[in-house]
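Structural description and commentary
Residue-level listing of the chains:
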Amino acid sequence: MKKSILSLIVLALFAVGFAASDEETSSNNKSTSSTQQTEQREESVTKEAPQKSKRDEFRELGYNDGVKFGYSDGGNTINYYIRMGSTREEGLSHIQNVIARTACKEDYGYDVSDELLDEYCKQFIEGYKSVVLK
């Protein structure tokens with residue numbers, strides 16, 4: 001009787017261990033399959049999406065960086081220029097021509113063409129204004 005109970009317990013442990021390893025194998029297969037599907041989707045999106053021109057890329061970078069600067073700055077820079085006696089337009093012009101240019105060169109290299117730099121700066125100030133001047 002004790003042997004049969006002991007045998008049942010051992011058999012139950014083997015069954016639980018087998019089921020757990022089967023689930024683990026199944027989840028690994030699902031994970032591999034999911035990873036492969038994700039990679040296939042990314043490849044198809046990459047193939048389908050038209051490549052952005054350098055100009056469009058810099059415009060987007062400028063706008064996004066301006067938004068980030070606006071959130072981190074909270075309007076302190078433009079307020080500083082106004083307190084110093086500048087108009088709001090003069091302050092925005094200084095942010096565009098000094099801060100945005102410097103940020104672009106530091107982040108994306110000093111060999112950026114003047115045309116791309118101008119596009120970056122124009123969009124930078126638009127992004128900044130979208131956050132600070134509501």
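For the structure given in this document, a descriptive report is provided here. (Residues numbered from 1 in each chain as written. Predicted model: local features only at pLDDT ≥ 70, side-chain atom pairs only at ≥ 80, totals over all residues. Heavy atoms only, no water.)

Scanning all chains against the criterion turns up 5 salt bridges. Close ionic contact of Glu-60 with Lys-52 constitutes a salt bridge, the shortest N to O distance being 2.2 Å. Measuring nitrogen to oxygen at the nearest pair gives 3.3 Å for the salt bridge that ties Glu-119 to Arg-59. Of this pair, Glu-119 sits in helix α5 (residues 114-132) while Arg-59 sits in helix α2 (residues 54-73), and the two are 60 residues apart along the sequence. When its relative accessible area of 31% is taken as the criterion, Arg-59 is described as partly exposed. In this structure, a network of salt bridges that share partners links the residues Arg-55, Arg-59 and Glu-119. (Salt bridge = Lys/Arg side-chain N within 4 Å of Asp/Glu carboxyl O. Helix = DSSP H or I, 4+ residues; strand = E, 2+ residues; numbered from the N terminus. Buried < 20%, exposed > 50% of the residue type's maximum accessible area, 1.4 Å probe, protein only.)

What follows covers the packing of aromatic side chains. Enumeration according to the criterion identifies 6 aromatic pairs in this entry. Taking 5.9 Å as the distance between ring centres and 70 degrees as the angle between the ring planes, the aromatic pair formed by Phe-58 and Tyr-108 counts as edge-to-face. Separated by 50 residues along the polypeptide, Phe-58 in helix α2 and Tyr-108 in helix α4 (residues 88-108) bring together distant segments of the chain. Residue classification places Tyr-108 among the partly exposed positions, given a relative accessible area of 29%. Linked through ring pairs, Phe-58, Phe-69, Tyr-108, Tyr-120, Phe-124 and Tyr-128 together constitute an aromatic cluster. (Phe/Tyr/Trp six-rings, centres within 6.5 Å; stacked < 30°, edge-to-face > 60°.)

All right, on to the packing of α2 against α5 then. Packing of α2 against α5 brings their axes to within 6 Å, and their N-to-C directions diverge by 35 degrees. Once α2 is placed against α5, the crossing between them reads as right-handed. Its residues placed into classes, the contact of α2 with α5 shows 12 nonpolar, 6 polar and 8 charged. (Axes fitted to C-alpha atoms, helices over the stretch in contact; angles between N-to-C directions. Left-handed = near helix turned anticlockwise from the far one by under 90°. Nonpolar A, V, L, I, M, F, W, Y, C, P; charged D, E, K, R; others polar.)

As for its position among the elements, Thr-77 is in helix α3 (residues 76-83). Look at Thr-77 and you get buried, because its relative accessible area is 15%. A distance of 2.7 Å separates a polar atom in the side chain of Thr-77 from a polar atom in the side chain of Asp-73. Here Thr-77 is in contact with Phe-69, Ile-95, Ile-99 and Tyr-128, once residues within four sequence places are set aside. (Polar contact = N/O pair within 3.5 Å; in protein donor to acceptor, adjacent residues only side chain to side chain. Contact = heavy atoms within 4.5 Å.)

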